[in-house]
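Chains, contacts and geometry: an overview
These are the residues of each chain, in order.
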Amino acid sequence: MMDKNGLDLGFYNSSFVCFPLPKQAVGNSYTHELSLGTLSFSSMTEVPYGLYARLALISMTNLAFRSKESVITSFTLYSLLSGLRYLKPTGKQLERFAHQLENWSSTLISLRYEEESRMSIQNLLLVDSADFRLEKDLDDNMHVYLSLTEKGKDFLQKASFPMPLDALQKITHAFDFDTLAWLISSIYQVSKKDEPRLIAWPHLCNQFHITPNNFPRFKTSFGKSLFRVQQSFYPGAKIYRVPEGIIVDKSPLLTQERKSNVLMLPSL
């Protein structure tokens, strides 16, 4: 999919900006609590984690926008990953991508957050686990068969925002991915209110699941990551680091597609 400027777009779910996915393996359960909500995962295999869990989520979200019905769809892993601008995926990359797709297929998401003075609760599987499978064809190409659940498809369509695919092949760490997603979604939110916003360090630490003991290290790492993604992918972003946190000012939107449909959770 492309925006009005011909930029290739993928879509990422805003819930996982508010509650970033784990960066490393955490086993089969995971909970992230914020003042206004909680995200929990329960998996029959492993909770999705790392960069390839995020790429797999973009692939499934793109599928949600393309498909009119939740039917079983077959893709080669190679075509899915190359569609995210990985032009020549290696065998190791395909293996990691397949592993995270499989993790998503067996993971129950429980999301609770305050919305318009009431508590919104969602419990859903994104993928119909009964339909999911990985198979090799006669040419040794790995195919993935999956269908999104109705609730999963609705969740992905209604709570996602566009990200430029040309950035994905240049991002090698989940932390930089989360920083870019945070930056894009924060600027979307500021564009609606038409005024700068200060995002305090304690809030950022809470959002990125950082303990107080790790705050000094996070402050340095996040500052460096924010500089990298701004310089490489979003030079027009107007952000300023101050002692209290990060000021996000109104900036040119990186992508124009679906601007009015972006759903922002209160804690963003």
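Residues numbered from 1 in each chain as written. Predicted model: local features only at pLDDT ≥ 70, side-chain atom pairs only at ≥ 80, totals over all residues. Heavy atoms only, no water.

**Looking at the confidence of the model for the protein**
Low pLDDT marks stretches whose predicted atomic positions should not be read closely. Spelled out, the test is: Per-residue confidence from the prediction method is given by pLDDT, with values spanning 0 to 100. Only heavy atoms enter the contact rule, under which two residues are in contact if any of them lie within 4.5 Å.
Here the protein shows a mean pLDDT of 85. Residues at 70 or above account for 89%. Ignoring residues within four places in sequence, the model shows residues 1–7, a span with pLDDT below 50, making 21 contacts including any to other chains. Counting interchain partners and residues more than four positions distant, the pLDDT-below-50 stretch residues 257–268 has 47 contacts.

**Quick word on unusual backbone geometry**
Apart from glycine, the bulk of residues carry a negative phi angle, and the bulk of peptide bonds sit in the trans form. This is how it is decided: For the purposes of this entry, the term helix denotes a DSSP run of H or I that reaches at least four residues, the term strand denotes a run of E that reaches at least two, and both are numbered from the N terminus. Buried, partly exposed and exposed residues are distinguished by accessible area as a fraction of the type maximum, computed with a 1.4 Å probe on protein chains only: under 20%, between the cut-offs, and over 50%, respectively.
Positioned with a positive phi, Asp140 is a non-glycine residue whose angle comes to about 70 degrees. The topology assignment puts Asp140 in the loop between strand 7 (133–136) and strand 8 (142–146). Here the phi dihedral of His209 falls at roughly 60 degrees; this positive angle occurs in a residue that is not glycine. You can call His209 partly exposed: its relative accessible area is 39%.

**Overview of the sheet that holds strand 4 (residues 73–76)**
In a beta sheet, neighbouring strands are held together by backbone hydrogen bonds and run either parallel or antiparallel to one another. Note the cut-off: Pairing between two strands requires that DSSP report at least two bridges joining them. Lines fitted to the C-alpha atoms define the axes, with helices restricted to the stretch that makes contact. Angles between their N-to-C directions range from 0 to 180 degrees.
Strand order in the open sheet formed by 3 strands is 4-8-7, with antiparallel pairing between adjacent strands. Each edge of the sheet is formed by a strand with only one pairing partner; in this case those strands are strand 4 and strand 7. Along the sheet, successive strands turn relative to each other by an average axial angle of 25 degrees, direction set aside. Note: strand 4 against strand 8, 4 bridges, orientation antiparallel. In the strand pairing of strand 8, Thr73 is matched with Leu146.

**Details of the side chain of Thr107**
Note the cut-off: The term polar contact refers here to a pair of N or O atoms within 3.5 Å; inside protein, the definition further demands a hydrogen-donor-capable atom paired with an acceptor-capable atom, and it admits residues adjacent in sequence only when both atoms are side-chain atoms.
Positionally, Thr107 belongs in strand 5 (residues 107–115). Of note is the side chain of Thr107, whose polar atom sits 3.1 Å from the side chain of Ser43.

**Overview of helix 8 (residues 215–233)**
The criterion, for reference: A helix is expected to span 1.5 Å multiplied by its residue count minus one.
Across its 19 residues, helix 8 extends 26 Å between first and last C-alpha, which sits within 8% of the 27 Å expected from 1.5 Å per residue. Within helix 8 the residues assigned to the buried category are Phe218, Phe222, Gly223, Ser225, Leu226, Val229, Gln230 and Phe233. Those residues of helix 8 that are buried are in contact with helix 6 (174–193), helix 7 (201–207), strand 11 (239–242) and strand 12 (245–248).

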